[in-house]
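So you can see what is in the structure, the chains are spelled out below.
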Amino acid sequence: MSTSPSPSSTASASSDTDVLGAPVPVLSFSPVALSVPGRPVDLQMRVSAPATGTGLPVILLSHGHGPSNNLSSLNGYAPLADFWAAHGFVVIQPTHLTSRTLTHLVADAPGAPDFWRSRAEDMTHVLDRLDAIENAVPHLAGRIDPTKIALAGHSLGGFTAALLLGAGITDPDTGKVVRLVEPRIKAGVLLAAPGRGGEVFNGPVAELWPVIGAVDFSTMTAPALVVAGDKDDPRHFTDMGPDWHADSYTLAPGPKTLLTLFDAEHGLGGISGYDAAETTDENPGRVAALARLTAAYLHTQLHPGAPAWQLAREALTTGRAPVGRVESK
């Protein structure tokens, strides 16, 4: 099944140059491997970067936990990673221990099967060794600006992003609150992220993943764009409906922005991979608009005063055929 781009996304394509500059060729290199003491396997990642430019900001991209073998790994999310890299970001995609590509190697490792702490720590390891990563990728050395770090995560990756942006979590095994905030990350994007626990955490899968409902968003103080689909029904976790995926906006302090995508389900149109079979709402136009909006948001967050976010928001969420609506606090 394929869907033509929506009128709004097609019409706004010409705004790309005004907002983020013309796309450039992308260099993608994988795997880059880091040996991490205590981690059962090396931390492997894909690094994608524009072929030109210096002082490049970084986006760390945390994959979700989908049903496919390889999309939830360094090999996924090309529709976002390619666009971001073509518009001036270095995109680093680690393979977390939750990836199905590693199940046969880590099934009995400490922290299995959700590896919630390890997923967040992967990003800290990446930042700790950013120089080594930069030097391992051909034609990248000396081109990264280590002061401009952003983070994006989809689904379970959004859960990971929330922790790194300041949310606390009650360890289900100890009952103690754990904080894994990473101050080097300046801003984030949470894509179809899980929401609150408590009484609304009552779906049939909730008791199997208690850690998902153990997050406290009230301390998630870093700037973030929360993206939720208005048809993304999380009935396996809650009967709260699609609004559950907006909790990281609703329950967290500002500065936060909520982008609600119209008619979008959990795949948000197909962000996990090109022509991905696991996508229930395939819509290339929506994916293109989301890639542009997220790039613009992070560009403005990392370059205060830049007009990219304002221009992209006006082009894609106003007018006759908006892809979604935006609110901020």
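Preceding this paragraph is the structure being described.
Structure report, in brief. (Residues numbered from 1 in each chain as written. Predicted model: local features only at pLDDT ≥ 70, side-chain atom pairs only at ≥ 80, totals over all residues. Heavy atoms only, no water.)

1. Some words on the layout of surface pockets
Taken as a whole, the largest pocket spans an internal volume of roughly 680 Å³. In terms of lining, the largest pocket is formed by 30 residues, of which the most central are His65, Gly66, Ser155, His236 and His266. The space that makes up the second largest pocket amounts to roughly 470 Å³. Forming the boundary of the second largest pocket are 24 residues, of which Pro110, Gly111, Phe115, Arg117 and Ser118 lie nearest the centre. (1 Å grid on protein atoms, 1.4 Å probe; cavity = no way out; pocket = protein on both sides within 12 Å on 5 of 7 lines; lining within 4 Å. Points joined across faces, edges and corners; volume = space filled by probe spheres on them.)

2. Quick notes on the packing of aromatic side chains
For the structure shown, the criterion picks out four aromatic pairs. Ring centres 5.8 Å apart and planes at 10 degrees place the aromatic pair Phe201 and Phe237 in the stacked group. Within this pair, whereas Phe201 is found in the loop between strand E8 (187–191) and strand E9 (215–216), its partner Phe237 is found in the loop between strand E10 (224–229) and helix H8 (247–250), the two being separated by 36 residues in sequence. According to the relative accessible area criterion, Phe201 is buried, its value standing at 14%. Through successive ring pairs, a cluster of aromatic residues spans Phe201, Phe237 and Trp244. (Phe/Tyr/Trp six-rings, centres within 6.5 Å; stacked < 30°, edge-to-face > 60°. Helix = DSSP H or I, 4+ residues; strand = E, 2+ residues; numbered from the N terminus. Buried < 20%, exposed > 50% of the residue type's maximum accessible area, 1.4 Å probe, protein only.)

3. Comments concerning the side chain of Lys256
Summarising the element assignment, Lys256 is placed in strand E11 (residues 256–261). No salt bridge is formed by the buried Lys256. Its closest oppositely charged neighbour is Asp216, at 12 Å. Beyond its immediate stretch of four places on either side in the chain, Lys256 contacts Met220, Thr221, Ala222, Ala224, Ser248, Tyr249, Glu327, Ser328 and Lys329. (Lys, Arg positive; Asp, Glu negative; His and termini not counted. Salt bridge = Lys/Arg side-chain N within 4 Å of Asp/Glu carboxyl O. Contact = heavy atoms within 4.5 Å.)

4. Section: unusual backbone geometry
Residue Pro113 is reached from Ala112 by a cis peptide bond, and omega for that bond is 0 degrees. Along the chain, Pro113 turns up in the loop between helix H4 (103–106) and helix H5 (116–128). Cis peptide bonds are those with omega within 30 degrees of zero, and the linkage from Gly254 to Pro255 qualifies with 5 degrees. On the secondary structure map, Pro255 appears in the loop between H8 and E11. The phi dihedral of Phe115 falls on the positive side, at around 50 degrees, and the residue is not glycine. Secondary-structure assignment places Phe115 in the loop between H4 and H5. Of note in the backbone geometry, His139 takes a positive phi value of approximately 70 degrees without being a glycine. Turning to its location among the elements, His139 is positioned in the loop between helix H6 (130–136) and strand E5 (144–154).

5. Observations concerning the nonpolar core
Among the nonpolar cores identified, the biggest contains 52 residues, and Leu60 and Ile92 are the most heavily contacted of them. Of all the elements in the fold, those that place two or more residues in this core are strand E1 (26–34), strand E2 (43–50), strand E3 (56–62), strand E4 (90–94), H5, H6, E5 and helix H7 (156–164). A per-element tally of this core places H7 first, with six residues. The contacts of Ile92, once residues within four sequence positions are left out, are Met45, Arg46, Val47, Val58, Ile59, Leu60, Leu61, Val126, Leu130 and Ile133. Judged by nonpolar contacts, the second largest core, of 39 residues, contains Leu80, Val91, Leu290 and Trp309. (Core = buried A, V, L, I, M, F, W, Y, C linked by side-chain atoms within 4.5 Å.)

6. Here's the deal with the sheet that holds strand E7 (residues 177–179)
In a beta sheet, neighbouring strands are held together by backbone hydrogen bonds and run either parallel or antiparallel to one another. One open sheet holds the three strands; their spatial order is E7-E6-E9, and the pairing between them is antiparallel. A single partner strand is all that each edge strand has here, and the edge strands are E7 and E9. Relative to E7, strand E6 (residues 168–170) runs antiparallel, the two sharing three bridges. Residue pairing in the sheet places Thr170 in a bridge with Val177 of E7. (Pairing = 2+ DSSP bridges.)

7. Re the pairing of E10
Within E10, six of the six residues are buried, which leaves the element mostly enclosed by the surrounding structure. With burial as the criterion, each face of E10 is covered, one bearing Ala224, Val226 and Ala228 and the other bearing Leu225, Val227 and Gly229. Here E8 runs beside E10; their pairing, made up of four bridges, is parallel. By the bridge assignment, Leu190 is partnered in E10 with Val226. Sheet topology note: the E10/E11 ladder contains six bridges and is parallel. For Ala228, the partnering residue across the bridge sits in E11 and is Thr260.

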